[in-house]
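What follows is each chain in one-letter form.
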Amino acid sequence: MADTPSEAAANQDPAQGAEGQPRERGGRGGGGGRGGNRDGGRGRGGGGRDNRRGNRREEEDDGIIEKLVHINRVSKTVKGGKRFGFAALVVVGDGSGRVGFGKGKAREVPEAIQKASAAARKSMIRVPLKEGRTLHHDGNGRFGAGKVTLRTAPPGTGIIAGGPMRAVFESLGVADVVTKSVGTSNPYNMIRATFDALTEQTSPKSVSQRRGKKVADLLGRGGASEAEAEADAAAIAE
């Protein structure tokens, strides 16, 4: 037997409208809130910033070697709890004689690494390499309490270095080198001391141009023939 209109209204679900359709809940634009859905935010579309950041990272991927050396986390106690921050130390290089380092600070680790990488790319220096695998001569570097010693090595030696210094030489493109660090183990000071030693590196070609002489004369090839001296000089010069 069909219900009367009064009985149908009494048996109707309060969550549905007069025609049996779901009733919309009230409150600031209905579920989305302030002109947009919950996922999209304020009408900007979901993941817009992430898409732009991903494209930017792809554009910067131009063959540069990027190595993360150290991440430091600090915390600040505030009224609501603790607020964390991160500092990143990054070394970049092209693997063929150019290297740089930078640091960045942010509330999130990816953003700190991105800032450090951008700073490292702006501070890259050129280091002359012997035969494209090792340094031309030994060198010493110092920064604060950190002291480093760099020595050339024959083929097959490899990179004998630890921690931050290894990241520098791998990014630089050095295949054979022997290093020693004395004093502090702070990665920032070790990196700066290593770069202090690398900035003092010179090649026979640059010295010959500065002194107005031939590379063979500087290398002491006077006893050999002119052709042999030029060949040896060409093999050693940058």
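Before reading further, recall that the structure is shown in the block above.
Below: a short report on this structure. These numbers come from a predicted model, not from an experiment. (Residues numbered from 1 in each chain as written. Predicted model: local features only at pLDDT ≥ 70, side-chain atom pairs only at ≥ 80, totals over all residues. Heavy atoms only, no water.)

Attention now goes to the overall build of the chain. Tallying secondary structure elements over the chain gives eight helices and eight strands in all. By the burial criterion, 31% of the 238 residues in the chain qualify as buried. In the chain, once contacts between residues fewer than 6 apart in sequence are set aside, the share between residues at least 24 apart is 53%. On the chain, roughly 15,200 Å² of surface is accessible, and the fraction owed to carbon and sulfur atoms is 47%. (Helix = DSSP H or I, 4+ residues; strand = E, 2+ residues; numbered from the N terminus. Buried < 20%, exposed > 50% of the residue type's maximum accessible area, 1.4 Å probe, protein only. Contact = heavy atoms within 4.5 Å. Areas by Shrake-Rupley, 256 points an atom, 1.4 Å probe, with all protein chains shown as cover.)

The pairing of strand E1 (residues 65–78) with strand E2 (residues 81–93) spans 13 bridges and is classified as antiparallel. Across the sheet, Val78 pairs through a bridge with Gly81, a residue of E2. Hairpin connection between E1 and E2: a loop of two residues separates the two successive antiparallel strands. Across eight bridges, E2 lies against strand E3 (residues 98–106) in antiparallel orientation. Looking across to E3, one finds that Gly93 is bridged to Val99. Counted between consecutive antiparallel strands, the loop separating E2 from E3 contains four residues, among which Gly95 sits at a positive phi close to 75 degrees. (Pairing = 2+ DSSP bridges.)

To continue, consider the pattern of salt bridges. Under the defined criterion, the tally for this structure stands at four salt bridges. With a shortest N-O distance of 3.2 Å, Glu170 and Lys67 are connected by a salt bridge. Remark: Lys67 occurs in strand E1 and Glu170 occurs in helix H4 (residues 164–172); sequence separation between them is 103 residues. Residue class for Glu170 comes out partly exposed when judged on its relative accessible area of 31%. Its salt-bridge partner being Glu131, residue Arg133 comes within 3.0 Å of it at the nearest N-O pair. Judged by relative accessible area, which is 48%, Glu131 ranks as partly exposed. The network of salt bridges with common partners includes Lys67, Arg166 and Glu170. (Salt bridge = Lys/Arg side-chain N within 4 Å of Asp/Glu carboxyl O.)

Counted by the stated rule, this structure contains one aromatic pair. Measuring from centroid to centroid gives 4.9 Å for Phe101 and Phe195, while their planes differ by 55 degrees, and the two rings are tilted. Taken together, the residues Phe101 in strand E3 and Phe195 in helix H5 (residues 187–198) connect sequence positions 94 residues apart. Look at Phe101 and you get partly exposed, because its relative accessible area is 22%. A relative accessible area of 7% means that Phe195 is categorised as buried. (Phe/Tyr/Trp six-rings, centres within 6.5 Å; stacked < 30°, edge-to-face > 60°.)

All right, on to the sheet that holds strand E8 (residues 177–183) then. Judged by pairing direction, the sheet is mixed, and its four strands sit side by side in the order E5-E6-E8-E7 without closing on themselves. Each end of this open sheet is capped by a strand with a single partner; those strands are strand E5 (139–143) and strand E7 (159–160). Alignment of E5 against strand E6 (residues 146–152), held across five bridges, turns out to be antiparallel. Along E6, the bridge assignment pairs Arg142 with Lys147. On the sheet, H4 packs against E6, E7 and E8 and is oriented at approximately 150 degrees with respect to E8. Sitting on the sheet, H5 touches E5, E6 and E8, and the angle it makes with E5 is about 140 degrees. (Axes fitted to C-alpha atoms, helices over the stretch in contact; angles between N-to-C directions.)

The next thing to look at is the sheet that holds E3. The four strands are arranged E1-E2-E3-E4 in an open sheet whose pairing can be described as antiparallel. One side of each edge strand has no neighbouring strand; the edge strands of this open sheet are E1 and strand E4 (125–126). Pairing between E3 and E4: two bridges, direction antiparallel. Bridge pairing links Arg98 to Arg126 in E4.

On to the side chain of Asn189. Tracing the backbone shows Asn189 in helix H5. Beyond its immediate stretch of four places on either side in the chain, Asn189 contacts Phe143 and Thr184.

Our next topic: helix H6 (residues 204–211). By the burial criterion, the buried members of H6 are Pro204, Val207 and Ser208. Buried residues of H6, seen end-on, are gathered within an arc of 100 degrees and therefore sit on one face of the element. Turned more than 90 degrees from where H6 packs its buried face, Gln209 and Arg210 sit exposed. Of the residues flanking the end of H6, it is Gly212, one or two places downstream, whose phi is positive at about 70 degrees. (Arc of directions from axis to C-beta.)

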